[in-house]
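Results of the structural survey
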Amino acid sequence: MAGRKELGDPLGEGAWGAERPASSCLAGNRLNLDVYAEGCLFFLRLFETRREEVEQVEFLRLSCNEDCIASTLSIIPALKGLKSLVLKGGHTRDEAGACQRGLLSSLPHELGELAQLAHLDLSFNSFTVLPPCVTKLLSLRSLLICHNSLQELPGDFGQLSELTFFSAMKNQLRDLPQGIGKLVALQTLDLSENALESLPEEIGNLRHCMELDLSGNLLTGIPTSLANLQFLQQLHLHSNLLVTVPASLAHLPNLSRLDLQNNRLRTIPPEIQSLPFVHLRGNPLGEPEVPLQPENSTLEEPRRLFIETGESSFIVTPDGCRVSLACGIQLSFPPGATTTSVTIHFQKCFPDPQWVMLNHHDVLLSKVLELQPHEIGFKKEVQIQMPYASPQSLNDHEIIIRTFSGGKWSELGTRVKHKEKMHLACCSVPHFSWFVVVSRLVENECRVPQEGALLFSTVDPNIKVTFPSGATEETRTVKLQVLPVSTEELQEITEDHETVSSPLLFLSQNSPADFLRPVKIQLPLPSGVTGLTLDRSRVHLLHGDINAQNWDDITDQVVLEFTHLYALFEVTHFSWYWLWCTTKSYIGGIARKVYKRLRMYQVNFIALQRKKDPEQVLLQCVPKHKVDPVLKKLQDRYRGPEPSDMVEMLEGEQFFAAFERGISIDADRPDCIDGRISFSFFSHLKNVKEVYITSEVDRKSTAVKGQVSFYRGAVPENIPEEVSKRRKGPDSHWLATLPIKLPKLKSQGNEQPTTSNGFSLPPLNLGNAETGYLTQSNLLGIAGRIGADWQAIGLHLGLSYQQIQRIQYNNREDLNTQILDMLFSWAQQNEKKPDCVDQLIHAMKESDRQDIADEIMAIIALGKQKYRESIRRVGLDQESSTEDSAIAMM
């Protein structure tokens, strides 16, 4: 199409063709080039060809993600009448959709000569110090330097006496200069998410300050001089380390919001606590403070316990202790947490997706940790530190620990620590239950009173929600989540290089009622689109239901307003909102398709056989980007076909592996359902199992060429509608098939495996019916998983070193027979002993084969369950009958 203009070409006619009319880019005294891929290059050419016009510009916006930004800066001082200058990064995104910082780390000193400059935005760049020229801009009224790496402000920062707005959020500021108190005209000061440990008393001189945000720092206290800020309306101090706050804050006449959430406040002055607009959630209020011990204290540190692999319990005394489990989990019991000695039991289990319910875009990062006993309430909270698999990107996600209690999952206050290449999620709990680490979309929350409120996203501060006064009669809690969507991924899915969209916005509240007055939402315009270039016929505002299964185009149902960078609209109820710019029709169906793909993972299946024992097969479902490293790690011990073609799976989705064409498995495996091995896919956990396979045909005369096929299982709840449709039909559950080959057996003269003593293996039953059996079939399955560890296991089972050597010599070059010989020789000698199964489990744990020990315990548990069910069916379970009778009489 000859007349079509590319979004990235501001001239509209190729790289540097005929000049575009001045009104297109030079809108009066404004020049907005930050939305173009080569805006800086265009600025340089425009300055060469139309210098007089450019020198009259008063409002200039440029992107700092371009290589030629440095040469562009040398020209800007020539714009003597410049009043507003925006030099921001963040206009490009990485593969995960996160904003990339700009290239600026310094500014030319000539910029300090812009005497009329009143607004300067240097956000999303790479500054480590504030450029000296900035403090020379004495007319500056608004300064933004968010999302940089500043560690301090210069001592002469107080020279900016005209400054009314200053934001340095998301930096690394450790302290503030005393000169900050000279900014007497300042009305808004945002220093959130830095590393401030203290504040100067001079901050109390900001007598015209109306909003002060110090959240997300390391403050342990605040100066009493803050009580001098008589015009202060909002004071944000949440997510610090505050242990006290001055009572004088309660007397600030205009204060309407005081946020003290997530600090270490144990006591609150009554004057503060009685304020209707104070927020205190996440503080240990009322709990006794543990006094700090002096350096020369003679009190002993709590004892340390190191729990070895195979152990499943430990004892806690009233003296307290610190416990390190072999799996990396750490527990800290303070002195006085218990009044008597208590035995703590623990176990880790693979999560069942039907139990561990995940929300949209949640990612499971750990197995489930169970701590018992559940019913005990500790006198003091116990600290838990759980290692987790670090996700690829944390820009739009946050780490939380969820616990199952009272029949539902809830979230705990979580801190994240990084220690020796280990990621730890930390929380404190008053009692034990089940715990799991999850990565979820960053959640921003606020309380909305009758007076109204403002909520913005920390993932994308350009997304804001404004609640007017009178929007609600009763205070509500509102939550906001944002999912960035990369332009490249969107265009790949839609197969349209002109389709762009805003980030996905999800709003929720704790009230079922709509708001009484419309709530205003601000979304950034899609990448490459501005209010000047906007074609309204291509703009679509989409609304998704609570499960995001249905998307409706509500463009004609709301009043859409546009500024240079934003779209604004009003709503009265909350759900998903998504702004698109596209030439396509029927956007709702396309949005369903895109949203489905955003939740799916691309994976491959692998099926490998041990080189020394082809009857042992490793099955694994691997995310696409991890396939090569996994195969490289396994290539020395396994061989097999190439991975399957790529398929798509949801987090927590169930699937099955079925061996076919003459190959079978042990049907008594606890994870075997109707002859298929059950799996659950979690993108950051190992979805791997080793299976011992057997042949259904005689392998003496020929090899067996079988296969393993993978099938989808139960469909998770709340998945996109198209996924459900695709799974209908006889073969729609099939995912992939890989070949498996069992070689022809060497002639040995006996049909059954034999031990070194020459006798064939008779049927064996270890244990008894009441406690659970291990059958010969079970033992064959266990033998198939032992591998090279058989000697260590044999020694822990009580076989002598001479016996191990004899087995190895008699069956040299045949690992499979060595394992069978060792295991069945021991089993025949110990079959009659009542504790033989416990002895086998203990040997596996001592040999660091907790995986086999877990499988044996699962088989035994299943056997016990079947035994109890059979007893009930014939009416012999006296205890159950008594209980049933008692219930019937109630």
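Above this text is the structure in question.
Below or above, wherever it landed, is the structure these notes cover.

Cut-off values and rules
Residues numbered from 1 in each chain as written. Predicted model: local features only at pLDDT ≥ 70, side-chain atom pairs only at ≥ 80, totals over all residues. Heavy atoms only, no water. Patch = residues over 30% accessible without salt bridge, like charges linked within 9 Å, V, L, I, M, F, W, Y side chains within 5 Å. Areas by Shrake-Rupley, 256 points an atom, 1.4 Å probe, with all protein chains shown as cover. Salt bridge = Lys/Arg side-chain N within 4 Å of Asp/Glu carboxyl O. Lys, Arg positive; Asp, Glu negative; His and termini not counted. Charge placed at Lys NZ, Arg CZ, Asp CG, Glu CD. Helix = DSSP H or I, 4+ residues; strand = E, 2+ residues; numbered from the N terminus. Pairing = 2+ DSSP bridges. Polar contact = N/O pair within 3.5 Å; in protein donor to acceptor, adjacent residues only side chain to side chain. Contact = heavy atoms within 4.5 Å. Buried < 20%, exposed > 50% of the residue type's maximum accessible area, 1.4 Å probe, protein only. Disulfide = S-S within 2.5 Å. Phe/Tyr/Trp six-rings, centres within 6.5 Å; stacked < 30°, edge-to-face > 60°. Lys NZ or Arg CZ within 6 Å of the ring centre and 35° of its normal. Core = buried A, V, L, I, M, F, W, Y, C linked by side-chain atoms within 4.5 Å.

Let's talk about a positive patch on the surface
On the surface, a cluster of positive charge is made up of Arg-264, Arg-304, Arg-322, Arg-415, Lys-417 and Lys-419. The biggest single contributor to the positive patch is strand E23 (residues 415-419), with 3 residues.

Side note on the sheet that holds strand E27 (residues 453-456)
Pairing within the open sheet is antiparallel, and its 5 strands lie in the order E27-E28-E32-E36-E35. Whereas interior strands pair on both sides, the edge strands pair on one side only; in this sheet they are E27 and strand E35 (561-562). Here 4 bridges tie E27 to strand E28 (residues 464-467), and the two strands are oriented antiparallel to one another. Looking at the pairing, Ala-453 lines up with Phe-467 of E28.

Some thoughts on the side chain of Asp-190
If you trace the backbone, Asp-190 turns up in strand E8 (residues 188-190). Polar side-chain contacts of Asp-190 include one of 2.8 Å to the side chain of Ser-192. What Asp-190 contacts, discounting residues up to four positions off in sequence, is Phe-166, Ser-167, Ala-168, Met-169 and Asp-213.

What about the sheet that holds strand E47 (residues 704-712)?
With antiparallel pairing, 5 strands are arranged side by side in an open sheet as E44-E45-E42-E47-E48. Taken across any chain shown, the strands that pair with only one partner, and hence form the sheet edges, are strand E44 (672-673) and strand E48 (734-742).

Topic: a negative patch on the surface
Side chains of Glu-308, Glu-311, Glu-846 and Asp-848 sit close together on the surface and give a patch of like negative charge. Overall, the relative accessible area of 40% leaves Glu-846 in the partly exposed class.

As for unusual backbone geometry
Apart from glycine, the bulk of residues carry a negative phi angle, and the bulk of peptide bonds sit in the trans form. The omega torsion of the bond from Gln-372 to Pro-373 falls at 5°, within 30 degrees of zero and hence cis. By the secondary structure assignment, Pro-373 is in the loop between strand E19 (368-372) and strand E20 (377-387). Not every positive phi belongs to a glycine, and His-147 is a case in point at roughly 55°. Within the secondary structure layout, His-147 lies in the loop between strand E6 (142-144) and strand E7 (165-167). His-147 sits in the buried class, given a relative accessible area of 9%. Despite not being glycine, Ser-239 shows a phi value in the positive range, around 60°.

Observations concerning the state of the cysteines
Enumeration over the complete set of coordinates arrives at 0 disulfides. Cys-40 provides the cysteine sulfur closest to Cys-64, a residue in no disulfide bond, and the two sulfurs are 6.8 Å apart. Judged by its relative accessible area of 0%, Cys-64 falls in the buried class.

What about the pairing of strand E17 (residues 342-349)?
Looking along a regular strand, one sees side chains alternate from face to face of the sheet. In this sheet, E17 lies alongside strand E14 (residues 313-316) in antiparallel orientation, the contact comprising 4 bridges. From the neighbouring strand, Phe-314 faces E17, where its bridge partner is Ile-344. When E17 meets E19, the two strands line up antiparallel, connected through 5 bridges. Counted as the bridge partner of Phe-346 is Leu-371 from E19.

A closer look at the packing of aromatic side chains
This structure, assessed with the given rule, holds 27 aromatic pairs. Residues Phe-314 and Phe-333 carry aromatic rings whose centres are separated by 6.1 Å and whose planes lie at 70° to one another, so their mutual orientation is edge-to-face. One end of the pair, Phe-314, is in strand E14; the other, Phe-333, is in strand E16 (residues 330-333), with 19 residues separating them in the sequence. Owing to a relative accessible area of 1%, Phe-333 belongs among the buried residues under this scheme. Three or more aromatic residues joined by ring pairs make a cluster, and in this case those are Phe-506, Trp-551, Trp-576, Trp-578, Trp-580 and Tyr-595. When the ring centre of Phe-59 is taken as reference, the NZ or CZ atom of Arg-30 above it lies at 4.2 Å. If you follow Arg-676 out to its NZ or CZ, it ends over the ring of Tyr-711, 4.2 Å from the centre.

Details of the pairing of E20
Bridge count between E16 and E20: 3 bridges; the pairing is antiparallel. Its bridge partner being in E20, Ser-332 is matched across the sheet by Gln-383. The pairing of E20 with strand E24 (residues 422-431) spans 7 bridges and is antiparallel. Counterpart to Gly-377 in the pairing with E24 is His-431.

So, the pattern of salt bridges
Counted according to the given criterion, the structure contains 22 salt bridges. A salt bridge links Glu-411 to Arg-440; the nearest nitrogen and oxygen atoms lie 2.3 Å apart. In this pair, Glu-411 sits in strand E22 (residues 408-412) while Arg-440 sits in strand E25 (residues 434-441), placing the two residues 29 residues apart along the sequence. On the accessibility criterion, Glu-411 (38% relative accessible area) is partly exposed. Using a relative accessible area of 8% as the deciding quantity, one classes Arg-440 as buried. Connected through salt bridges with shared partners, the residues Asp-362, Glu-398, Arg-402, Glu-411, Arg-440, Glu-443 and Lys-479 form a single ionic network.

Notes on the nonpolar core
Counting residues in hydrophobic clusters, the biggest one holds 82 residues, and the most contacted among them are Leu-60, Ile-76, Leu-87, Leu-107, Phe-166, Leu-260 and Ile-272. Of all the elements in the fold, those that place two or more residues in this core are helix H2 (39-49), strand E3 (59-63), helix H4 (69-73) and strand E4 (84-88). Counting residues per element, this core draws most heavily on H2, at 6 residues. The contacts of Ile-272, once residues within four sequence positions are left out, are Val-245, Pro-246, Ala-247, Leu-249, Ala-250, Leu-258, Leu-260 and Val-278. Val-448, Val-459, Leu-534 and Val-558 belong to the second largest nonpolar core, which has 36 residues in total.

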